[in-house]
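Breakdown of the fold
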Amino acid sequence: MIYQIHLSLLGSRPKIWRRILIQSDLLLSDFHKVIQTSMGWTNSHLHVFSKNDVCFSEKAPGDFSWEDMGHTDYKGMRISDLLGHEEERILYEYDFGDSWKHDIILEKILPGEGNELGKPVCLAGKMNCPPEDCGGIMGYLNMLEILKDPDHEEYESFKEWLGGRYDPEQFNLNKVNKLLKSKDFGCQR
């Protein structure tokens, strides 16, 4: 089966979102990579999926606090283990310091027969991903306000930190799909 997934960054205004197609048997570890690529994150931080108050994450070697947090190792788990019905949803959190929370909804289940998806595909999206380590949603919104005011005392330092230019409305569907096509998600058919 093919899943049409809607993923949106909670608290973002205007809404930052992506609509993607993935195979229903995609491993959660690969789904994490699809989210990272589709949204524009750099995979520099830890992450967790959660459903019904159960957290699913990757156990890092030598992480002794992991079990104390009550997480379930998602090794070998597939997205279909968490999402099986249309309109079902899970939460994905990336970077526990900034706490980027994403609402993930299974919008449609499409037949897989005769539909050779191969790699994940991004169908649509809106808005640019916030920069890594900008302080979560509140820090991001504050940054956007500062960037609107060249006279603000922090304007120049933010411009320098961002490498000169950041367009919050920019979303390049072709670029996202090119990146998705170039990565190995363990789902080539």
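Let's talk about the nonpolar core
- Counting 44 residues, the largest nonpolar core has Ile5, Ile22, Phe31, Phe49, Ile79 and Ile104 as the members making the most contacts within it.
- If sequence neighbours within four positions are ignored, Phe31 has contacts with Ile5, Ile20, Ile22, Leu26, Phe49, Ile79 and Ile104.

Considering the side chain of Gln4
- With respect to the helices and strands, Gln4 occurs in strand S1 (residues 2-9).
- Classification of Gln4 as buried rests on a relative accessible area of 10%.
- Here Glu107 takes part through its side chain, which lies 2.8 Å from a polar atom of the side chain of Gln4.
- Setting aside chain neighbours within four positions, we find Gln4 in contact with Arg19, Ile20, Leu21, Ile105, Leu106, Glu107, Lys108 and Leu123.

Re helix H3 (residues 136-147)
- Over its 12 residues, H3 extends 16 Å from the first C-alpha to the last, a length consistent with the 16 Å expected when each residue adds 1.5 Å.
- Among all positions in H3, only Gly136, Ile137, Gly139, Tyr140, Met143, Leu144, Ile146 and Leu147 are buried.
- Packed against the buried residues of H3 are S1, strand S7 (100-110) and helix H4 (155-161).

Some points on the pairing of strand S6 (residues 89-94)
- Relative to S6, strand S3 (residues 47-51) runs antiparallel, the two being bridged by 4 bridges. Note that in S6 the partner of His47 across the bridge is Tyr94.
- Bridge analysis of S6 against S7 gives 6 bridges, and the strand direction is antiparallel. When the bridges of S7 are listed, Glu93 appears paired with Lys101.

Regarding the confidence of the model for the chain
- Averaged over all residues, the pLDDT of the chain is 91; the fraction at 70 or higher stands at 92%.
- Mean pLDDT values for the elements of the chain range from 88 in strand S5 (residues 72-73) up to 98 in S6.

Structural notes on the sheet that holds S3
- Taken in spatial order, the 8 strands make up an open sheet running S5-S4-S3-S6-S7-S1-S2-S8, and their pairing is mixed. Taken across any chain shown, the strands that pair with only one partner, and hence form the sheet edges, are S5 and strand S8 (121-126).
- As paired strands, S1 and strand S2 (residues 17-23) are joined by 7 bridges and run antiparallel to one another. Counted as the bridge partner of Gln4 is Leu21 from S2.

What about the pattern of salt bridges?
- Applying the stated criterion across every chain, the model contains 5 salt bridges.
- Its salt-bridge partner being Glu107, residue Arg19 comes within 2.6 Å of it at the nearest N-O pair. One end of the pair, Arg19, is in strand S2; the other, Glu107, is in strand S7, and 88 residues separate them in sequence.
- Salt-bridge contacts for Glu88 lead to Lys51; the nearest nitrogen and oxygen are separated by 2.4 Å. Of this pair, Glu88 sits in the loop between helix H2 (79-82) and S6 while Lys51 sits in strand S3, and the two are 37 residues apart along the sequence.
- With relative accessibility at 16%, the residue Lys51 sits in the buried group.

Calculation rules
Residues numbered from 1 in each chain as written. Predicted model: local features only at pLDDT ≥ 70, side-chain atom pairs only at ≥ 80, totals over all residues. Heavy atoms only, no water. Core = buried A, V, L, I, M, F, W, Y, C linked by side-chain atoms within 4.5 Å. Buried < 20%, exposed > 50% of the residue type's maximum accessible area, 1.4 Å probe, protein only. Contact = heavy atoms within 4.5 Å. Helix = DSSP H or I, 4+ residues; strand = E, 2+ residues; numbered from the N terminus. Polar contact = N/O pair within 3.5 Å; in protein donor to acceptor, adjacent residues only side chain to side chain. Expected span 1.5 Å × (residues − 1). Pairing = 2+ DSSP bridges. pLDDT = per-residue confidence, 0-100. Salt bridge = Lys/Arg side-chain N within 4 Å of Asp/Glu carboxyl O.

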